[in-house]
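Residue strings, one per chain:
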Amino acid sequence: MADRVTIHIDGKAYQVKSGENLLQTCLSLGLDLPYFCWHPAMGSVGACRQCALVQYQNEEDQHGRIVMGCMTPVTDGAIFSLQGDKASEFRETIVESLMLNHPHDCPVCAEGGECHLQDMTVMTGHRDRHYRGLKNTHRNQYLGPLIHHEMNRCITCYRCTRFYRDYAGGTDLAAMAAHDHVYFGRHQEGVLENEFSGNLVEVCPTGVFTDKSLVNEYTRKWDLQSAPSVCTGCAVGCNTLPGERYGKLKRVHNRYNTEVNGYFICDRGRYGPSYVNLPERLDYAGLRQPDGLYNAIDQSQALQYLTEACQKGHVAGIGSPRASVESNFLLRTLVGADNFSSGFSNKEHDLVNLALSIQQQSHVLIPSVKQIETADAVLILGEDITNTAPRIALALRQTVRNKAYELGTEIGLEHWQDAAIRNLAQDQRSPLFIAAVADTRLDDVAQQILHMAPDDIALFADALACYIANEKLPDINENLISSVETIAKTLLQAKRPLIVSGTSCYNASVISATGKLIEKLNSENCEPMLSMIVPEANSLGQAMLTTRDAPTIDTLAALAIAGKINTLIVLENDLYRRCHSSSIDNMLEHIDNVIVIDYVDTATTSASSLVLPSATAIESEGTLISMEGRAQRHFPVFEPKAERLASWQWLLHCMKALGRAETEHIHYFDDVTRACAANISSLEHIVNAAPSHLYRNHGVKIPRQPHRYSGRTAMRANISVHEPKQPVDQESALAYTMEGLNQSQPGALLPYVWSPGWNSNQSLHKFQSEVSGPLKGGTAGVRLIKTDHQLLDSEPAIKSKKITPADGQWLLVPRHKIFGSDELSALSPAIAELAGHAYIEINPADAQSLNVNEGDGVFIGDDHTNDSHQLSLEVHINSNIAEGCAGFSFGFNDTLNLIPGEFVSLTKNPNWQRRQADTIATDGGGSNGGSYG
Amino acid sequence: MSLDKPLTRNVREDRIPTDFSAYITNGGYQALQQTIGKYTPADCLQIIKDSNLRGRGGAGFPTGMKWSFVPMENVSPGHKYLICNADEMEPGTFKDRLIMECDPHQLIEGMILSAYTIQADVAYIFIRSEYLLAQKLLKQAIADCYEKGYLGKNIQGSDYSLDMYVHVSAGRYICGEETALINSLEGKRANPRAKPPFPQVSGLWGRPTIVNNVETLCNISHIIERGADWFKSLSLTDDSGTKLYGVSGRVKNPGCWELPMGTPIREIIMGYAGGMEDGYQLRGFLPGGGSTDFLTEEHLDLAMDYETIGKAGSRMGTGTMIILDDKTCPVGFIKNLVDFFAQESCGFCTPCRDGLPWSGQVLEDIEQGRGTNEDIATLERQAKFIGAIGNTHCALAPGAMEPLISGLKYFREDFEQYVGGSHDSSNDSNQPNASTTGGLS
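Residues numbered from 1 in each chain as written. Chains lettered and ligands numbered in written order. Predicted model: local features only at pLDDT ≥ 70, side-chain atom pairs only at ≥ 80, totals over all residues.

## Considering the overall build of chain B
- Secondary structure summary: chain B contains 18 helices and eight strands in total.
- Scaling as 2.2 N^0.38, a compact globule of 441 residues should have a C-alpha radius of gyration of about 22 Å, and chain B matches this with 22 Å.
- Projected onto the principal axes, the alpha-carbon positions of chain B cover approximately 75 × 45 × 35 Å.
- By the burial criterion, 60% of the 441 residues in chain B qualify as buried.
- Restricting the contact set of chain B to residue pairs at least 6 apart, pairs at least 24 apart contribute 72%. (Helix = DSSP H or I, 4+ residues; strand = E, 2+ residues; numbered from the N terminus. Rg over C-alpha atoms; globule rule 2.2 N^0.38 Å. Buried ≥ 20, exposed ≤ 12 C-beta atoms within 10 Å, placed from the backbone. Contact = placed C-beta atoms within 7 Å.)

## As for the domain arrangement of chain A
All names here are of chain A.
- As far as domains go, chain A holds domain 1 (4-98), domain 2 (285-348 + 541-782), domain 3 (365-527) and domain 4 (809-908).
- Here domain 2 and domain 3 have C-alpha centroids that lie 36 Å from each other.
- Facing four residues of domain 2, the contacting portion of domain 3 comprises five residues.
- Across the side of domain 2 that touches domain 3, the residue classes break down as one nonpolar, one polar and two charged. (Domains from an automatic or database assignment. Nonpolar A, V, L, I, M, F, W, Y, C, P; charged D, E, K, R; others polar.)

## Section: the sheet that holds strand S7 (residues 282-286) of chain B
Residue and element names in this part refer to chain B.
- Reading across the sheet, the four strands line up as S6-S5-S8-S7 and stay open at both edges, with mixed pairing between neighbours. Edge strands, defined here as strands with exactly one partner in the open sheet, are strand S6 (255-260) and S7. Within the sheet, the average angular offset between the axes of one strand and its neighbour, ignoring direction, is 30°. (Pairing = 2+ DSSP bridges. Axes fitted to C-alpha atoms, helices over the stretch in contact; angles between N-to-C directions.)

## Quick notes on the packing of helix H3 (residues 41-51) of chain B against helix H6 (residues 104-118) of chain B
Residues and elements named next belong to chain B.
- Contact geometry for H3 and H6: axes closest at 7 Å, N-to-C directions at 115°. In the crossing of H3 with H6, the sense of the turn from one axis to the other is left-handed. Taken together, the residues of H6 that come into contact with H3 (itself represented by Pro41, Cys44, Leu45 and Ile48) are Leu113, Tyr116 and Thr117. (Left-handed = near helix turned anticlockwise from the far one by under 90°.)

## Thoughts on the interface of chain A and chain B
- Tallying the contact residues gives 32 residues for chain A and 31 residues for chain B.
- At the level of secondary structure, the elements contributing two or more residues to the side of chain A that touches chain B comprise strand S4 (65-68), helix H2 (85-98) and helix H15 (418-425) of chain A.
- The residue inventory of the side of chain A that touches chain B, partitioned by class, reads 19 nonpolar, nine polar and four charged.

## Description of the packing of helix H13 (residues 330-344) of chain B against helix H17 (residues 396-410) of chain B
Residue and element names in this part refer to chain B.
- One way to put it is that H13 packs onto H17 with a least axis distance of 10 Å and a crossing angle of 175°. Here H17 runs roughly antiparallel to H13, going by the angle between their axes. Seen from H13, the contacting residues are Pro330, Ile334, Leu337, Val338 and Phe341; seen from H17, they are Leu396, Ala400, Pro403, Leu404 and Gly407.
- Here the residues of the contact of H13 with H17 are counted per class, giving nine nonpolar, one polar and no charged. (Parallel < 35°, antiparallel > 145°, perpendicular 65-115°, else oblique.)

## Side note on the domain arrangement of chain B
Residue and element names in this part refer to chain B.
- Domain boundaries in chain B define domain 1 (20-233), domain 2 (242-325) and domain 3 (330-427).
- Here domain 2 and domain 3 have C-alpha centroids that lie 22 Å from each other.
- Each partner contributes residues to the interface: domain 2 has 11 residues there, and domain 3 has 12 residues.
- Looking at the side of domain 2 that touches domain 3, the element that brings in the most residues is S7, giving three residues.

## Considering the confidence of the model for chain A
All names here are of chain A.
- Confidence along chain A averages 93 in pLDDT terms, with 95% of residues attaining 70 or more.
- Counting contacts from residues 789-794, a segment whose pLDDT is below 50, to residues more than four positions away or on other chains yields seven contacts.
- Within the model, pLDDT remains below 50 along residues 924-933, and this stretch shows 13 contacts once partners closer than five positions in the same chain are excluded. (pLDDT = per-residue confidence, 0-100.)

## What about the sheet that holds strand S22 (residues 529-533) of chain A?
All names here are of chain A.
- As summarised here, the arrangement of the five strands in space is S20-S19-S18-S21-S22, forming an open sheet in which the pairing is parallel. Among the strands making up the open sheet, the edge pair consists of strand S20 (448-451) and S22. Recorded for the sheet is a direction-independent mean angle of 10° between the axes of neighbouring strands.
- Strand direction decides the pairing type here: strand S18 (residues 377-381) and strand S19 (residues 432-436), joined by four bridges, are parallel. The residue of S19 that forms the bridge with leucine 381 is alanine 435.
- Strand contacts of helix H17 (residues 481-493): S18, S19, S20 and strand S21 (497-502), with the helix running at about 130° to S18, the strand carrying the most contacts.

## Examining helix H18 (residues 508-522) of chain A
- For H18 of chain A, built from 15 residues, the straight-helix expectation of 21 Å at 1.5 Å per residue is met to within 8% by its first-to-last C-alpha distance of 21 Å.
- Counting buried residues in H18 of chain A gives 14 out of 15 residues, a clear majority hidden from the surface. (Expected span 1.5 Å × (residues − 1).)

## A look at helix H13 (residues 390-399) of chain A
- A large share of H13 of chain A lies buried, amounting to nine of its 10 residues.
- For H13 of chain A, every residue scored as buried is listed here: Pro390, Arg391, Ile392, Ala393, Leu394, Ala395, Leu396, Arg397 and Thr399 of chain A.

## A word on unusual backbone geometry
- Note the cis peptide between lysine 195 of chain B and proline 196 of chain B, where omega equals -5°.
- Structurally, proline 196 of chain B is set in the loop between helix H8 (178-185) and strand S4 (209-213).
- For the bond from proline 196 of chain B to proline 197 of chain B, the omega torsion is 0°, close enough to zero to count as cis.
- Considering the arrangement of structural elements, one finds proline 197 of chain B in the loop between H8 and S4.
- In the Ramachandran plot, asparagine 470 of chain A falls in the positive-phi region, its phi being about 60° despite a non-glycine side chain.
- For asparagine 470 of chain A, the position within the fold is in the loop between helix H16 (454-468) and H17.
- Judged by C-beta crowding, with 7 C-beta atoms within 10 Å, asparagine 470 of chain A ranks as exposed.

Here you go:
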């Protein structure tokens, strides 16, 4: 359908892509055509009737008829009028109708200034109101800590339910009532359940759904300073646009990247970063005193201490998968590769390296998120993707719709005919198979779900590989043979089958069996894809930076205990989240100087002798390598406060002070990137992740502030009437100013979207080469994984075995939580509220054998001697969890010492205090017991 | 047995329903026995096409042509559906009720033959919730048919099987729109669907589906039994068959009668309906339900058929007329209808959802003496904005505008009197309930 056709709009001929709808075509052509209900990712339904044009049957036709742009396919020779009176008057009347009940509360509305309804109202020219009746009003609902609800502003475009239900698979937001009383909300007040609910804020064309955090501390879009950033919430690497004012992060919006997140991000990514504003964050360097308290010292003193410590020799460094490639590279250079750990435990190190090597050694496509959406059959092995790589889960929800598109094509429907395709296909989906430890949030769209212990998942994957290769099947449960046949045949019949696996069930066999499966599949006549989910934003980068035999935290701990480490530099890493607390305690006790560079206060910073306050990803520049091997650059949105420095700056200053030759030619951040690229062959291309600081857009820098940025002189007037000089950004092509040019620059440098007449995020199409296409300046990021390596000669070692827990022993399996498992986002107050408390999930049969009920407590582990210190968790009974497995809330403070894959004993805690049932919080006062009025 | 009134031949004066045995005695299920397993679906389709039967639900679309869009060969495996639209919610319309309450088997037999023609294997009767008696009778009729082998597996020993269900609507006007009906049947909001795709290709559960009105389906067995030529000969005009005509309002004998298609309006109103009540004059009438344009006395001699009424600037619609008399204010009459349609809007598209209440508000202001000349211009603008098919998502709002558009044409002086403050309300009497269907307005 890539044929071009000629259409005429207002007397001008255009060559356009056939098969698309007229609205999308007009926007791609750069024409201004107002719309509401159409969304580039969600297609057309024809509800709002805003995008009207007049179509003429032929050149003689003088009258024409009104057609909806979004519902009209472009056909060769079609003649349209966009500017003509008939179409313009119709569009103006539509806006006038939409405004009948819309409150005139723009001055106090959090959408004001970036409101698509405002823009469209102005665009249609509607000004004078003819309606004299009363306005309809609605009651608003409490929808949880993330989203504010203001139904009176609703113009009934149905975008919210279409996103929430149709696109994201949510069930608790719906259109209710009829005629001009249609109400969008929940059946009763309560927290929106869907993990992507925050996108409602961007999907809603007006102020019905707004960010609660922004509403509470409000700043207009035009007053926000922003810069291109990359989410650190997981390894997907969604592109984000954080906005700042008064030194505070105000909100995070989606930053379009056609290959990665497209138009949507998850709620962890959107609401997680507010940890940046925490008052508990470190402002000053702190030197530990003998009494255990810290003295604040200034940067130069801190640097001196750091430098001196490094001079004493026996220096080791622990990097971090949540720190940038550059910071890690500098630390590795400072301490030497042999003394540098990428910041993983033994287990994590093995898993991530295995995941990387399988991706590098397979011949298959490592898909971008967009490419994931093209798969026609999917198998998930061991991952609960909604909780480990949420944006991928959202993509997979679209992937299963390929069947629907296929059916649509048979009767001549285009992809954008959303309602028609959904009505046609109903619940027919492309096959998605899930083998997981327990239920996942994608179960509702899966064709078959298997619940197994991790080793059994590996064995199952091995069986699939053997079946595909016509080899003898391994010894698996007989009940599974038919599933093996069904899934293997489906994968073989698919043109683009996708296998998704990863590290999150902490089982190397699962990963290596996945490698074998993808290899066998690849020898058949299809183009398989392999997606490997790794834990953190830069996990893959760490695996690429180091070799497989590089030290881990555990090996460094052994060295420390052997007295071979005098100084340990820990970069943005809480070691207590990686290894058992007793081993970290033991390790740190044996080291004289523990120097921790971090931006949040952790157990590790508290155990340090010197702590250096650093900048978060939102306040600093850095490169992160996502799970698909995409190197992406984040830029500081605002200058770090107080004495905070970006980690790479602390390290560079130190190395310069030490007179290290490697840093002789390093003057800018870009030089660090370049040095890293020159030293590490697999990271060779990271320099291409974004333009260097020398880039200029038509001779000028890219402004972080929109040209309407206001009140800069007044911002600090309560402190001093003298306006301080704006910070100068020498490290990037972005500037802390409103002057410059935000147009057509490379996609990695897009700090905000705005276009004349298009103040909302809908202005995005002005920055795209075509609607939903790449940004005009190119897609951000560069892919590093080359998949043209030699195939593995040897068979991957699979040690799958049937799980036979000893009596009274349970296998600890991690249960990841989108809210709570990730260290940084869990610090955000709203996310913490959603995360709740840690618990343990067991099968009903296991619960019976333990004699526990839902809500009881169990002791975990054998140590009954000291009950007061023994970990006890609340029991959740889950009929979907594999028998013999104990799933624990992963990454929660209570569960950090639980090691996935270990067998533990569980015993009922007789003294457990059952929790009171949660009461629904409301805007009226949350836990303080306020009520909704 | 009267052959010139096939639809009502089993409708007794005392309204006692015709049960299975009575239906058989009167020659029922003859068409079914002669057809299933003996004629091919293509033969049946040809007869219906030749008969020139047009849909009786209001739009008048040729039934045979509608059916011919159902894919018959190379259909992907799965169900095909026939749905009987028994939602009869059009203001002033009560014709389908008469058949269903008096001769349910006529509908069932018509449906079986229709389903056979399109090779549907599942049929639904989507019935208005207030039609309790009809629901009971239809359920009984279906049970009778299963028992006698007219429904279920291998009907009449053929390889054709059909299941039939009664689905009771939760009750909204928009459910009478075929795609909204389908959404409702699927358990979704009763919003109409965009066309294409048409239900014949992608309807209920995404499968080929035909939705026909009760009266349309009731004609099928007669046409198949007696042939297309016979059916055409029943009519006085080019639109073939008979038609159930109705009249409500201030006439002496409101009711519903089966008459030859094309019977002159005067004969229906002045003859069968007995003319106006004493003391009342005819000012105008809606020829086919609440969503058709007014006609006036000058149109009384027109033949009541699709073509003729269409040319006169209205629609025959359901063929059930609502009378506007000289003591009922046309502005209030129109406002009542606009309010009804505003209430019944599904709320999906803007012109309907927000435009109709806006029109209603303007009419309210005019009626309450708050109107201005600009309001009449606003109404005209609204009529243009909402009233054109294509401006809205479905035909509800354009239909709702038809009484307003024609009212502004024929009764403009009434609007102007209100606006000019010279309206004399002393002559107004309460409008009798124009609709027996109990709109929520």
